[in-house]
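# Overview (structure and organization)
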Amino acid sequence: MKMTSAEKLAALRCLMAEQKIDIYIIPTADYHQSEYVGDYFKEREFLTGFTGSAGTAVVTALEARLWTDGRYFIQAEEQLKDSEFQLMKTGEPGVPSITEYVQETLPEHGIIGFDGRTASINTGKQFEEISCKKGGSIVYGYDLIDSVWTDRPALSKNPVFALDIRYTGEESASKLERVRTEMKNHDADALLITGLDDIGWLLNIRGQDVDYFPLLLSYAVIRESEVELYADRKKFSEEILDKFQKNNVSVKPYNDIYNRIKILDKGSTLMIDPQQVNYSLFRSIPADVTIVEAENPVILMKAVKNSTETENIRKAHIKDGVAHTRFMYWLKTNIGKLPMTEISVSEKLEEFRKEQSHYMWPSFDPISAYKEHAAIVHYSAVPESNAVLHPSGMFLTDTGGHYLEGSTDITRTVALGPVTQDEINHFTTVAVSMLRLADTKFLYGCTGMNLDCIAREPFWKLNLNYNHGTGHGVGYLGNIHEPPARFHWKYSPSNTQALEENMVITDEPGLYFAGSHGIRIENELLVRKGTENEYGRFMYFEMLTFVPIDLDLINPELMEPGDKRLLNEYHHAVYEKISPYLSAEEQKWLKYYTREI
């Protein structure tokens, strides 16, 4: 019999009392600071019932609170309503941060508890500082949820697969050489890498340990002439192990990394990324080892795609464009004739993708949202919420696919029948925003923070806004949200990376009205070099996504002549690239939905 939320909290508080822990913190994290985690690591979801991909639970003897960001406010309110957990809306006026709350709530000589494997170095240090001020302490060696979660899923046992050079464009030996050059620049004897997508990129392997993401649970220690890979050896074929041997890569048990770090050579220098390495690993480093804190060099290397990857990515987007265009045709011509629900149409879109060569699986948990559900930015349809679609209102899909040629991420909002004038006007504003940002020319050195206002200006003129970033980097068969590229107007230390040639980034503005409707349009862009002259190097974006923008929702009167030109040019490219793969009826439909306005 499953435990209720109240029973889980009571059991946790019992354990806290036994260990004299005053505040226990449960983030959404695995041991690698991953954005999305496998089932084994979903402790916060187990305890709170909130299923969003981001959030942190904080429990005391008397209170239970959950922090999450603007993408999930509506969803969290719904999922927490029958629990003791109080929603804390991150970034909203009057809402303290987690550290502010912990500092205010921790009693004198109190103890803060957390699993150090799921906390970043900086987070652990913050809790150290807070406890020190109160004359207390931290404990980070307890995974208290593990004792409560009696039917916890096991760690994944899925096999690893290798990516051929025709997809990676660079051999692992070459990548390791580049990384070792960066290590020498920092006088480091060893580099500890814990990012799952970084390890996969570096060794040209992929795993199946996280739902939707082709990642392998692993750690890696890079040395001058060898690599220690900490992972489940049973997941590797003999062929992959033979390739590893040529690059002097040895596979060791996954959890042995902690003991290995404790016995690093005296006087050696270890390079770590404080944003990735977990707190327990950090505290395992011997005092006589010199620590160099620097960004993991793989992050930028893998974000800047090579020519093989960019050519493959273009192919993947044509395949995805064909699948999604065929889905739009099917949806618009069959709504009201066939029974449809949010879940069933999402499955239909998946069928169209499966028809494409080299398709693997979805690149993230699909969003399929009808009418007011689309106002929940990261809504996920479940049997209890699965809305029936009717020939009226708007429907939003935010989906993507992994192909051997690359990963895709696309959002489209379409009219299923009559819509309001407000919905049409809001949609038009979103379309204008997306197209203007995609058309931007800029000087090299600009960051996504510099350019984000271009997307938001049409909204800000109307005193409107959306509570999420405008875009994120996209990995090549890795994480669909890939740092360091991003579009967001707010400053943060992680938002200062210049946009480099061959980075892939999304362009996805939106508008959301709780209880009414939500709109988002998302295309992927490739950063390209343009003209270089006395003013510097100019840059521009190449559109990667080719799927119609629903003309049933466009109000031309709200568009300036330049906006109409951008839409017409985009639709001309959509028809040119996608129509050769469609049936005669689908071509006829696409011709109409890419007509000039």
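Up top you'll find the structure we're talking about.
Below, the structure is looked at part by part.

The rules behind these values
Residues numbered from 1 in each chain as written. Predicted model: local features only at pLDDT ≥ 70, side-chain atom pairs only at ≥ 80, totals over all residues. Heavy atoms only, no water. Buried < 20%, exposed > 50% of the residue type's maximum accessible area, 1.4 Å probe, protein only. Helix = DSSP H or I, 4+ residues; strand = E, 2+ residues; numbered from the N terminus. Pairing = 2+ DSSP bridges. Right-handed = clockwise from strand over helix to strand, strands pointing away. Axes fitted to C-alpha atoms, helices over the stretch in contact; angles between N-to-C directions. Contact = heavy atoms within 4.5 Å. Lys, Arg positive; Asp, Glu negative; His and termini not counted. Salt bridge = Lys/Arg side-chain N within 4 Å of Asp/Glu carboxyl O. Polar contact = N/O pair within 3.5 Å; in protein donor to acceptor, adjacent residues only side chain to side chain. Phe/Tyr/Trp six-rings, centres within 6.5 Å; stacked < 30°, edge-to-face > 60°. Lys NZ or Arg CZ within 6 Å of the ring centre and 35° of its normal.

### Description of the pairing of strand S12 (residues 249–252)
Burial along S12 is one-sided: Val249 and Val251 are buried, and none of Ser250 and Lys252, which face the opposite way, are. Relative to S12, strand S11 (residues 227–230) runs parallel, the two being bridged by four bridges. If you follow leucine 229 over to S12, its bridge partner there is valine 251. Read as a crossover between parallel neighbours, the route from S11 over helix H10 (residues 238–246) to S12 is right-handed.

### Focus: the sheet that holds strand S20 (residues 410–415)
Taken in spatial order, the three strands make up an open sheet running S16-S17-S20, and their pairing is antiparallel. The open sheet has two edge strands with one neighbour each: strand S16 (367–370) and S20. Averaged over all pairs of adjacent strands, the angle between their axes in this sheet comes to 10°, without regard to strand direction. Contacts from helix H15 (residues 342–354) reach S16, strand S17 (394–399) and S20, with the element oriented near 140° to S16.

### Some details on the sheet that holds strand S19 (residues 406–407)
If you trace the three strands from one edge of the open sheet to the other, you get S15-S18-S19, paired in antiparallel fashion. Whereas interior strands pair on both sides, the edge strands pair on one side only; in this sheet they are strand S15 (359–362) and S19. Judged from the two bridges that link them, strand S18 (residues 401–403) and S19 form a sheet pairing that is antiparallel. Its bridge partner lying in S19, histidine 402 is registered against serine 407. Against the sheet, helix H14 (residues 307–334) contacts S18 and S19, and its axis sits at roughly 135° relative to S18. The strands that H15 touches are S15 and S18; relative to S15, the one it contacts most, it runs at about 160°.

### Section: the side chain of arginine 180
As for its position among the elements, arginine 180 is in helix H8 (residues 172–185). Of the side chains bearing the opposite charge, glutamate 224 lies closest to the buried arginine 180, which forms no salt bridge; the N-O distance is 8.0 Å. At a separation of 2.6 Å, a polar atom in the side chain of arginine 180 contacts the main-chain carbonyl oxygen of arginine 223. With near-sequence residues (within four places) excluded, arginine 180 lies in contact with Ile222, Arg223, Glu224, Ser225, Glu226 and Val227.

### Things to note about the pattern of salt bridges
Scanning the entire structure with this criterion turns up 43 salt bridges. Of the charged contacts, one joins lysine 302 and aspartate 198 as a salt bridge, the two residues approaching to 2.5 Å between their closest N and O atoms. Of this pair, lysine 302 sits in helix H13 (residues 297–303) while aspartate 198 is found in helix H9 (residues 196–203), placing the two residues 104 residues apart along the sequence. Each member of the pair lysine 302 and aspartate 198 is classed as buried. Between arginine 520 and glutamate 508 there is a salt bridge, and its shortest N-O distance comes to 3.9 Å. You can see arginine 520 sitting in strand S26 (residues 517–520) and its partner glutamate 508 sitting in the loop between strand S24 (504–507) and strand S25 (510–513), a full twelve residues away along the chain. Neither residue differs from the other here; arginine 520 and glutamate 508 are each classed as buried. Linked through salt bridges whose partners overlap, the residues forming this network are Glu43, Asp115, Arg117, Asp143, Asp146 and Arg152.

### Concerning the packing of aromatic side chains
Evaluation of the coordinates by the stated rule reveals 22 aromatic pairs. Between phenylalanine 327 and tryptophan 330 the ring centres are 6.2 Å apart and the planes differ by 25°, which places this aromatic pair in the stacked class. With phenylalanine 327 and tryptophan 330 both in helix H14 and three residues apart, this pair spans about one turn of that helix. On the basis of relative accessibility, which here comes to 15%, the residue tryptophan 330 falls in the buried class. For the ring pair tyrosine 592 and tyrosine 593, a centre distance of 5.3 Å and an interplane angle of 90° mean the geometry is edge-to-face. Residue classification places tyrosine 592 among the partly exposed residues on the basis of a relative accessible area of 46%. Between arginine 152 and the ring centre of tyrosine 40, over which it is positioned, the NZ or CZ distance is 3.9 Å. In this structure, lysine 577 packs its charged tip against the face of phenylalanine 546, placed 5.2 Å from the ring centre.

### Side note on the environment of serine 344
Checked against the element boundaries, serine 344 lands in helix H15. With relative accessibility at 29%, the residue serine 344 sits in the partly exposed group. When the C-alpha atoms of serine 344 and serine 368 are compared, they prove to be 9.5 Å apart, with 24 residues separating the residues in sequence.

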